[in-house]
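# An overview of the molecular structure
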Amino acid sequence: MEIMASDLQQTLDRISRKARLLTERYSIVLKERDEAQARIEELETTVYDMRKEIEELNRRVEYLTIVTTAIPSRKDIELSRARLSELVREIDRCISELSE
């Protein structure tokens, strides 16, 4: 009977040690999971902020593209002046013809 009680006590001691070990490991896993979730939240916030910044930068690029397209180059200005001068000469010629 003593042998069985001794074996039973040893078995209970082993089970108790294994339960403590599992509890410690479970605590570690929970801590790591919580840290991982915190990191995920941090990264999601970073992604959100970056998306907002990308949207703003895309708006700026679109604006600058429109503004750059609307600004005439030096060659465009020269061509416009030349065309206006030509039209003014034609108008003067027409006025002269009508005056005669």
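Preceding this paragraph is the structure being described.
Now for a description of the structure that goes with this document. (Residues numbered from 1 in each chain as written. Predicted model: local features only at pLDDT ≥ 70, side-chain atom pairs only at ≥ 80, totals over all residues. Heavy atoms only, no water.)

This part covers the overall build of the protein. Counting its regular elements, the protein contains two helices and zero strands. Computed over C-alpha atoms, the radius of gyration of the protein comes to 42 Å, more than 25% over the 13 Å expected from 2.2 N^0.38 for 100 residues, which places it beyond the range of a compact globule. Taking the principal axes of the C-alpha coordinates as reference, the protein spans close to 145 × 20 × 15 Å. Across the 100 residues of the protein, 0% fall into the buried class. As displayed, the protein offers around 9800 Å² of accessible surface, 59% of which is attributable to carbon and sulfur atoms. Side-chain charges in the protein split into 18 positive and 22 negative, and the spacing between the mean points of these groups amounts to 4 Å. (Helix = DSSP H or I, 4+ residues; strand = E, 2+ residues; numbered from the N terminus. Rg over C-alpha atoms; globule rule 2.2 N^0.38 Å. Buried < 20%, exposed > 50% of the residue type's maximum accessible area, 1.4 Å probe, protein only. Areas by Shrake-Rupley, 256 points an atom, 1.4 Å probe, with all protein chains shown as cover. Lys, Arg positive; Asp, Glu negative; His and termini not counted. Charge placed at Lys NZ, Arg CZ, Asp CG, Glu CD.)

So, about a positive patch on the surface. Taken together, the side chains of Arg14, Arg17, Lys18 and Arg20 define a basic patch exposed on the protein surface. Its location among the elements puts Arg14 in helix H1 (residues 2-70). According to the relative accessible area criterion, Arg14 is partly exposed, its value standing at 41%. (Patch = residues over 30% accessible without salt bridge, like charges linked within 9 Å, V, L, I, M, F, W, Y side chains within 5 Å. Salt bridge = Lys/Arg side-chain N within 4 Å of Asp/Glu carboxyl O.)

A few words now on the pattern of salt bridges. Counted under the stated rule, the structure contains five salt bridges. Across the pair Glu42 and Arg39 runs a salt bridge, and its minimum N-O distance is 2.8 Å. Note that Glu42 and Arg39 are positioned in helix H1 at a spacing of three residues, about one turn of the helix. Accessibility expressed as a relative area gives 43% for Arg39, which makes it partly exposed. A salt bridge links Arg60 to Glu56, with the shortest nitrogen-to-oxygen separation between them at 3.4 Å. Of the two residues, Arg60 and Glu56 are both situated in helix H1; the distance of four residues between them amounts to about one turn of the helix.

Looking now at the environment of Arg60. Judged by relative accessible area, Arg60 falls into the partly exposed class, the value being 49%. For the pair formed by Arg60 and Ser96, sequence separation is 36 residues and the distance between their alpha carbons is 52 Å.

What follows covers the environment of Glu97. Structurally, Glu97 is set in helix H2 (residues 74-99). Through-space distance from the C-alpha of Glu97 to that of Asp13 is 122 Å; in sequence the pair is 84 residues apart.

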